[in-house]
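Spelled out, the chains give:
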Amino acid sequence: MVTSVRRQRLRRLARWALMAVLLADLLALSDTLAVMSVDLGSESMKVAIVKPGVPMEIVLNKESRRKTPVTVTLKENERFFGDSAASMAIKNPKATLRYFQQLLGKQEDNPHVALYRVRFPEHELGFDPRRQTVYFQISPQLHFSPEEVLGMVLNYSRSLAEDFAEQPIKDAVITVPAFFNQAERRAVLQAAHMAGLKVLQLINDNTATALSYGVFRRKDINTTAQNIMFYDMGSGSTVCTIVTYQTVKTKDAGMQPQLQIRGVGFDRTLGGLEMELRLREHLAGLFNEQRKGQRAKDVRENPRAMAKLLREANRLKTVLSANVDHMAQIEGLMDDVDFKAKVTRVEFEELCTDLFERVPGPVQQALQSAEMNLDEIEQVILVGGATRVPKVQEVLLKAVRKEELGKNINADEAAAMGAVYQAAALSKAFKVKPFVVRDAVIYPILVEFTREVEEEPGVHSLKHNKRVLFSRMGPYPQRKVITFNRYSHDFNFHINYGDLSFLGPEDLRVFGSQNLTTVKLKGVGESFKKYPDYESKGIKAHFNLDESGVLSLVRVESVFETLVEDSPEEESTLTKLGNTISSLFGGGTTSDAKENGTDTVQKPSEKGETGSEGISPAPEEEKKQNLARKQRMVAEIGVELVVLDLPDLSEDELARSAQKLQDLTVRDLEKQEREKAANSLEAFIFETQDKLYQPEYQEVSTEEQREEISGRLSAASTWLEDEGFGATTVMLKEKLAELRKLCQALFFRVEERKKWPERLSALDNLLNHSSMFLKGARLIPEMDQIFTEVEMTTLEKVINETWAWKNTTMAEQAKLPATERPVLLSKDIEAKMMALDREVQYLLNKAKFAKPRPRPKDKNGTRAEPPLNASASDHGEKVIGPPGQSEDAQPISEPDKATRSEPLELEGAGAESEQKEQSTEQKRTLKNDEL
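Residues numbered from 1 in each chain as written. Predicted model: local features only at pLDDT ≥ 70, side-chain atom pairs only at ≥ 80, totals over all residues. Heavy atoms only, no water.

An unreviewed UniProt entry lists the protein under the name Hypoxia up-regulated protein 1, with Rhinolophus ferrumequinum given as the organism. Reading the Subunit (unreviewed entry) entry of the UniProt record for the protein gives the comment "Part of a large chaperone multiprotein complex comprising DNAJB11, HSP90B1, HSPA5, HYOU, PDIA2, PDIA4, PDIA6, PPIB, SDF2L1, UGGT1 and very small amounts of ERP29, but not, or at very low levels, CALR nor CANX." (UniProt positions renumbered as here; feature names shortened; annotations may be inferred.)

Draft legend 1. Region of interest: the nonpolar core. Residues Leu-154, Phe-230, Tyr-245, Phe-484, Phe-493 and Phe-543 are the most contacted members of the largest nonpolar core, which totals 128 residues. Domain assignment of the residues forming this core places at least three in each of domain 2 (35–219 + 413–426) and domain 3 (443–606 + 632–643). Excluding anything up to four places from it in sequence, Leu-154 contacts Val-38, Leu-40, Ile-174, Ala-191, Ala-192, Ala-195 and Leu-197. Judged by nonpolar contacts, the second largest core, of 46 residues, contains Met-275, Ile-330, Leu-333 and Phe-356. (Core = buried A, V, L, I, M, F, W, Y, C linked by side-chain atoms within 4.5 Å. Buried < 20%, exposed > 50% of the residue type's maximum accessible area, 1.4 Å probe, protein only. Domains from an automatic or database assignment. Contact = heavy atoms within 4.5 Å.)

Draft legend 2. Empty space enclosed by the protein, seen in detail. Following the criterion strictly, the structure yields 7 cavities of 30 Å³ or more and no others. The calculated volume of the largest cavity comes to roughly 150 Å³. Taken together, 15 residues form the lining of the largest cavity, with Gln-182, Arg-185, Val-441, Ile-442 and Gly-549 sitting closest to its centre. Residues belonging to the lining of the largest cavity are distributed by class as follows: 10 nonpolar, 4 polar and 1 charged. Mapping the lining of the largest cavity onto the domain boundaries places at least three of its residues in each of domain 2 (35–219 + 413–426) and domain 3 (443–606 + 632–643). (1 Å grid on protein atoms, 1.4 Å probe; cavity = no way out; pocket = protein on both sides within 12 Å on 5 of 7 lines; lining within 4 Å. Points joined across faces, edges and corners; volume = space filled by probe spheres on them. Nonpolar A, V, L, I, M, F, W, Y, C, P; charged D, E, K, R; others polar.)

Draft legend 3. Region of the structure containing the confidence of the model for the protein. Per-chain confidence: the protein averages 83 in pLDDT, with 81% of residues scoring 70 or above. The low-confidence segment residues 863–931, where pLDDT is below 50, has 69 contacts with residues more than four positions distant or belonging to other chains. (pLDDT = per-residue confidence, 0-100.)

Draft legend 4. Seen up close, the pairing of strand S18 (residues 379–383). Across the 5 residues that make up S18, a large majority, 4, are buried. Pairing between strand S13 (residues 226–233) and S18: 5 bridges, direction parallel. Note on S18: the bridge partner recorded for Phe-230 is Ile-381. (Helix = DSSP H or I, 4+ residues; strand = E, 2+ residues; numbered from the N terminus. Pairing = 2+ DSSP bridges.)

Draft legend 5. Geometry of helix H7 (residues 272–290). Across its 19 residues, H7 extends 27 Å between first and last C-alpha, which sits within 8% of the 27 Å expected from 1.5 Å per residue. Inspection of H7 places Gly-272, Leu-273, Glu-274, Met-275, Glu-276, Leu-277, Leu-279, Arg-280, Leu-283, Ala-284, Phe-287 and Asn-288 among the buried residues, and these make up the whole buried set. (Expected span 1.5 Å × (residues − 1).)

Set out below in C-alpha cells:
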C-alpha cells in the first residue's frame, strides 16, 4: 500500500514537471509567433515573414515596394533609410552610405578597401588601429563602423517586418554570399547582435535560392538525382552553384527531398555595379567633352554630379537590356548645365568587354569543385538582376552549351523565400514539411601543430603535423573531434585555412589572412598529476561548424581511463524511483551519458567443472563473479584563443555599439512622434476652421461660440508658426488637447444630430415589428399557446414604456434650442432598442424549441387533425431511440442560453403546473439577432 502511494506521488510530480516544461515552451513561443528573413544584397534587400495565417510573404516597405535599397543617410540629427536615403544620395552623397558590405571583415590593407575608395571617393574612411579596420567618418563627432551601419539596416528591416506583421519579431535568417569567410560571417553576426536580432541561421544566398526552387517543386523530386546549375549575377558579385536534388531516407520522417550543394564558383567583383560604374565613367567623359572649350571643372570632382551620373547609368543599363539605344539626359547636372547624350547597346557592351569575358569563370570553378562535366547538368537557371543583360545571357549560353537558359524562378525574391522557409523550419512556432539541406564548405579548415619525436635513440626533432578538420565541399553543419596524443604538458596548436590554390592571386589578397586562430592550452600537466594511475586517452578538442558556417572550439578536455573491479549491486529504492520519473518523460540513458559513463565488461575466468545444477564447485570467495569495468575521467583544459584573421569586437565595444544604435533608434522614434504631433495639431486647426463655416456646425452654435473657437485656433496657428519648431512633443500634444476640449461640445451636438435619423428609424421599425409579433402571439388558440400571459404582458409593458420614452424625449428635445446639449442621445436610443430586442428574442427562442401539445381524441377514437405547422414526427413517423431507451422516453430539449433577469411569480390555480413549465424556459439568450 505504501509503495503504491509513493508511486502515485511520483507520477503526480512527474506530470506537474512535464506540464511546467510545456508551459515554459508555450511562453517562449508567445514571443516568436512570427519569423523573418533578410536577403541582404549589395544594392537592395528583400524581407519576408512567416506568421500564423501568412505563409511566406514578401514584406512591402513604406513606399509599397517589394525591395528596399540598402542605403543609409546619416546626419547629425536624423537618419534616412531605403528609398528616402537613395534620394538623399544626390543632395548629400558624403553622408549617404551604399555598397558597404564589401568592407565587412576586411582590414585596411585589403584590396577591396582601396577599391571602395576609388569607386566612392566622397566617403572619408578612418582607421581603427586595434582591429586594423576602417570606419566611416561622417563628421568630426560622427563615425560608424561597417558593422554598425549594417546593424542599422538590419534594424530597419526588422521595423518593416514588424509593421507588416503587426507584431514584434526577433528571430531571423539572414542571407550572406557563399564566398564569405569566417571573419565576414562573424561581422554579420555582430551587426545582427547590435540590431537586437536573434539569428537563427546565416544561410548562403545560393543555398536559399536552391531551397526555394526545391520547395515549390517538391513533387518533381524523386530518388533519381537531378543536377541543376544556378547562375546568380547580382549587383556586386557572381556565384555559380551546382545542386543535386533527390529524395533520401531520413531517420525520423522517412523519405524526404534533399538538396546537396555539389559545386560552387564565384567572382567577388563581377556584377551590375561594375557595369554601371563603367557607364558612369563614359557619361562623365561625354559631359566633359561637351564643355571642353568653356574652361569648366572636371565633373568627376563634383560628388553630387557623379551621384546623378551613377543613378542615370543604372537606368541606362536597365533600358539598354530591352532597347538597342537610349538617350541619357540629366537636368542641371553641374553648374545648372543640362546633359544629354545618346548611348547604344553596342557602346555599352564595348565598355564591359572584359567583364563579359569573366562570365564563364564561375561556371568552370563550380564544375571543377563538383568534379562534374556539363553533360551531367540538366538545366541552367538564371538568378539575380544583372543576368537580364542580353550579352551576359549570350556568353553564358555559349559557355554551358545548352539550348536555352532557365528563367522559371523569381530572380529577385527566390533567396528571400528560401530563407524564410528555413526560418519557419528552425522556429518552434511552425511546422513545415521537411526538406533536407546539405550545404558545402567552400574553404577547407585544418589544424596544425608541432610535436617532438625521437627519430633515433637520443636524437629528438620537431615534426610539423596537419590534420584536416573540414574538407573542401564537405557538408555542414558538422562536429569534429581532434585527439592529440603523446602530450603531457601545456602546448599550442593552430587553426588555419587549408589548400586555397583554387583561388587566383587577386582573390587570395582579397581573402585576407589564411590563419584563423592560435589555441593555447593550459592545465594539461595538472590533469596528468591529478590522475597518475590512469591511462591517458589523449587531449580531445571538440570543434563545431554550425548552420551559419561559423567555426567554434566548443571545449578541450583531457581523457583518462582505467580498469576497476566491482561487484554487482542491487539498485537502491531511490534509483528505482528516479527511473520511474525518467520513464514518465520517456527518458533513458542518453548517448552523452553513455559516452561519459562507464562501460561494463566481464573479466574472463578459468573454467571449472559443474555439478548437476550447473554450479561451479569453486571456493566461497569465488562464488560471486567479479566484474571489470572501464572508469573514464575527464578533466577540462583551459583555453586561450588568439584570433589571427580579424579581431572581434570586445564585449564592451559590442555593448557600446548596440547602445549607440539603440539611442539613434529612440531619437528617430521621438522625432517621428514629434512630427506626428505637430502634423495632428496643424491638421486639427485647419479642419476646425473650415468646419466653423459649414451649415451643420453653424446651426448648433452661436456667433459668440464660433468667434471664441476661431480666435483660439488662430492663436494656436500663430504659435505653431513662430514657436512650434522649438516645442516639445508634450507641448504639442497639450495644445491639441486644449483645442479639442474647447470644441468637444460643438462636435458632440453635430455628431448626435447626424445619428438621430438612422437610430430613430431603427427604433420605430423595432417597435412596429414587436407590436405585430405581440398581436400575433395573442391570437394563438389556447390549446396551442406556448407563451404565458406573464410573458406577453411583460413584452407589452416594454413596448409601451419605449413608446412613451420616445415621445416624451422627442417633445423635450423640440423645446430645447439647437445650441444646447441635447437630451435625445443616440446611446439612450440604442439602450432602449437592446432592452426591447432582448424580450422579443426570448419569446422567439422559446417558440423555436417548443413542442406541440398532444391533440385530444374525438368520440370516434381518432385524434384531432394536427396543426399545419406540426413536425413530421407528429404525422405518424416513428422515431427509434438509442438502445436501452423505452419508446415513451422523451428526447432532451435543447437548453436555453441565458436566464431571465427577473424570476416570475405565479399565483392562483394552475400555478404549480405553470411553474413547472417555466422551469424549462428560465434561460434566455444574451446574443440578440435583429428582427
